[in-house]
Amino acid sequence: MKLLYTAAIAAFLLVGCGTPKAPLSATQKETPKVVLTSVDLINVTDDKVSVVVNPPTITEKEIKFSLPAIVPGTYSRDDYGKYIEAFKALDYSGNELQFTKVDDNTWSILNADKLDKVTYLVNDTFDIESEHDIFSPTGTNIASNNYVLNMNGFIGYFNTLKNLPYEVLIKHPETLYAGTSLNELEIPKTKDSLTAANANYYKVDRYADLIDSPVMYTEHEPVSFTVGETEVLINVFSPNGTYSAEDFKPVISTMVEAQKAYLGDLKTTNKYAILVYLSTVGAEDAQGFGALEHNTSTVVVMPEQYPKQLLDKAMVDIVAHEFFHVVTPLSIHSEEIHFFDFNTPKMSQHLWMYEGVTEYFAQHFQVYEGLVTPEEFYDVIVSKIDNAKRYTGDFSFTEMSKNVLEEPYKDSYANVYEKGALIGMCIDLIMREQSNGEKGLIDLMKTLTKRFGSTSPFSDDTFIETVAALSYPEVGNFLRDHVQNNGAINYTEYFYLVGLEFAETKTNTALLASQDVQYIRGNEEGEIVFVNGELNSTLQDLGVLGGDVLVSYNKKEYNLSTARGLIIATNGLAEGDTVTLTVKRNGETVKLSGKYSTPTYLANKLGESPYATEEQKALRAAWLNK
Ligand SMILES: [Zn+2]
């Protein structure tokens, strides 16, 4: 490796320096200005991390410094400034400059032309999730054996300097290793005599790239391997040491290979980092499971108790979704996203594409590339149809998307993963029909990538017409009727194109709650109650009745606040295990016991019609690559 000793690094030596910056010489003036930042994970006191942000010389009399209110990909206002304290603006002599706090996220600094740097302390979000709604994969963790540095929680920006390069120096205990997709640079020679063992040093082109580049520290070195020309890095934090990065290598490797085959000539990233935080699910640990996409990485949060098989499956569903975001919004997006405002963002109308099409791809590629059977894929589609019915808002998808930060629209956000994915499926089927099976949604996305691409955003208002013009009039009609307007989708019509139909079928489920069916709910007393209506075969065999209040399972008591633990525990049951339930029924305590066998119920399942024509079968074969 070649030592990078640039003017920018020389400037870095000024971090924390108590003397005014010397006037710039003619040659120095040509060197680019940078914002120098440092994050100290060594001297952490009281669960708070100290951060320094040092801008180049400021000419304005007043400047605003902010942490983001919202970050791309989350679609919710989270106000990361709320977790900052002991904010100080210092001049070159170390004197404090006056500032006013404008709102939760913004400080306005007076006499800014004298400003050397700002310093502050950061509180983490994982251990106080009951107090806020920050989705864990966008949150932060500060613990001696793990740091989750989603930079939106740590490093802020000066409102006029967002487009300057940022340099980040992270000092860390020698026992911890960084996982990130950022390229590591040689440590500058500072007075702290930092080395590669106790510091990492990164540089990005602008503030938005910093927010796009999380870093997670764990006690284990990340594992990396290549798929095609993509280097994949996995970093896993498992608090009880249950899992290691190596455990997920096979499933991730197979998945990325299949995704690259599915994407064909669509360009993907050369480096992709998967940062996995496994939570104890305890009261002071992360509870928001899932992931957030970035251009070259993703942060995944999952329960550590999940058995390997379940975690592998979740990892494919979740990480595949994040990786497919490389298509949209990362390569195809509107001006609202391209010129993202971290504090007063305008939202785009096209979540149906950013999240819906992405989620559809994350499911469809699995059947298309042979990772799951068509039957498994049909089940996923049906569960999305069922889940979409829970969202009853009387507004269209584009309207919801545009207003997703506000009530009542925000409560419908999660429908992007249900109806949004189904919208993707319908467009795929329309395209297959119109092209005699030759073309599908992936081809439309390739066309859009060529037309736009990551540096050239589309205009939000005319996008539906653009899509119609670049595909088929029928796609335009569908988008106008069911996305711009709130027309109900008759899915049967689309399944008919490929010879699929619904029929009642005996189906496996979980003992208490699966993605598709729930047999328990909470009551006002905070107890767990079995629902009225048809229970699954195993609950029926045990003698459970609708309305029974669950008191304990295998001698451990549960209530509504611990129901998640109950579901995780029962999902781990194996054939032949003993199940003992204590329930309250009409004021009496009843003990129920029996052997576990995989529960079944009669589901309205999607399957291949025995009456399908050759034409329908051919279209289905093209759709599923079978
Ligand atoms: Zn997504």
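Residues numbered from 1 in each chain as written. Predicted model: local features only at pLDDT ≥ 70, side-chain atom pairs only at ≥ 80, totals over all residues. Heavy atoms only, no water.

Caption draft 1: Just the overall build of the chain, in detail. Along the backbone of the chain there are 17 helices and 28 strands. A compact globule built from 626 residues should have a C-alpha radius of gyration of about 25 Å, and the chain, at 27 Å, falls within 12% of that. For the chain, the spread of C-alpha atoms along the principal axes amounts to about 80 × 60 × 45 Å. With 626 residues in all, the chain has 55% of them scored as buried. Across the chain, contacts joining residues at least 24 apart in sequence account for 71% of those joining residues at least 6 apart. (Helix = DSSP H or I, 4+ residues; strand = E, 2+ residues; numbered from the N terminus. Rg over C-alpha atoms; globule rule 2.2 N^0.38 Å. Buried < 20%, exposed > 50% of the residue type's maximum accessible area, 1.4 Å probe, protein only. Contact = heavy atoms within 4.5 Å.)

Caption draft 2: Looking closely at the pairing of strand β1 (residues 35-45). Relative to strand β12 (residues 166-171), β1 runs parallel, the two being bridged by six bridges. Each residue of the ladder has a partner; that of Val-35, found in β12, is Tyr-166. Taken together, the six bridges between β1 and strand β2 (residues 48-54) define a ladder with antiparallel strand orientation. Paired with Val-39 across the two strands is Val-51, which belongs to β2. (Pairing = 2+ DSSP bridges.)

Caption draft 3: Structural view of the coordination of the zinc ion. All of the protein donors around the zinc ion are His-321 (NE2), His-325 (NE2), Glu-355 (OE) and Glu-355 (OE); their distances to the metal are 2.0 to 2.7 Å. Geometry at the zinc ion is irregular, judged from its four donor atoms and the angles of 52 to 140° they form at the metal. We note that the donor set of the zinc ion lies within a single chain, spaced as H-x3-H-x29-E. With His-325 in the loop between α5 (308-324) and α6 (335-338) and Glu-355 in helix α7 (residues 351-368), the pair connects residues that are 30 residues apart, well separated along the chain. (Donors = N, O, S within 2.8 Å, 3.2 Å for Na, K, Ca; no water. Tetrahedral: all angles 85-135°; square planar, octahedral: opposite > 155°, others 65-115°.)

Caption draft 4: Fine view of the sheet that holds strand β7 (residues 106-110). Strands sit in the order β6-β7-β3-β11 across an open sheet of four strands; the sheet is antiparallel. Edge strands, defined here as strands with exactly one partner in the open sheet, are β6 (99-103) and β11 (157-158). Summarising the sheet, β6 and β7 pair through four bridges and their orientation is antiparallel. Note on β7: the bridge partner recorded for Asp-103 is Thr-106.

Caption draft 5: Here's a closer look at the pattern of salt bridges. Here the structure, examined in full by the defined rule, presents 18 salt bridges. Between Glu-167 and Lys-203 there is a salt bridge, and its shortest N-O distance comes to 3.8 Å. Pair noted here: Glu-167 is in strand β12 and Lys-203 is in strand β14 (residues 199-204), with a separation of 36 residues, a long-range link. Of the charged contacts in the structure, one is a salt bridge between Lys-402 and Glu-336, with a shortest N-O distance of 4.0 Å. (Salt bridge = Lys/Arg side-chain N within 4 Å of Asp/Glu carboxyl O.)

Caption draft 6: Spatial organisation of the pairing of β7. Taking burial as the measure, the five residues of β7 include four buried ones, the bulk of the element. By the bridge criterion, five bridges tie strand β3 (residues 62-66) to β7 in an arrangement that is antiparallel. Residue pairing in the sheet places Ile-63 in a bridge with Ile-109 of β7.

Caption draft 7: Region of the structure containing the packing of aromatic side chains. Scanning all chains against the criterion turns up 32 aromatic pairs. Aromatic side chains Tyr-157 and Phe-342 sit 6.0 Å apart centroid to centroid with 50° between the ring planes, which places their arrangement in the tilted category. Of this pair, Tyr-157 sits in strand β11 while Phe-342 sits in the loop between α6 and α7, and the two are 185 residues apart along the sequence. Each of the two residues, Tyr-157 as well as Phe-342, counts as buried. Ring geometry for Tyr-272 versus Phe-323: centroids 4.9 Å apart, planes at 90°, classification edge-to-face. With Tyr-272 in strand β18 (residues 271-279) and Phe-323 in helix α5, the pair connects residues that are 51 residues apart, well separated along the chain. Relative accessible area serves as the criterion here: at 2%, Tyr-272 is assigned to the buried category. Cluster of aromatic residues (ring-pair linked, three or more members): Phe-65, Phe-87, Phe-99, Trp-107, Tyr-120 and Phe-158. (Phe/Tyr/Trp six-rings, centres within 6.5 Å; stacked < 30°, edge-to-face > 60°.)

Caption draft 8: Main features of the nonpolar core. In this structure, Ile-155, Ile-252 and Trp-352 are the most contacted members of the largest nonpolar core, which totals 149 residues. A total of 10 residues in this core trace back to one element, the largest contributor, which is α7. If we skip the residues at most four places from it in the chain, Ile-252 touches Phe-225, Val-232, Ile-234, Ile-274, Met-315 and Val-319. In this structure, Leu-511, Val-544, Tyr-553 and Leu-566 belong to the second largest nonpolar core, which totals 25 residues. (Core = buried A, V, L, I, M, F, W, Y, C linked by side-chain atoms within 4.5 Å.)

Nothing here speaks to function; it is geometry throughout.
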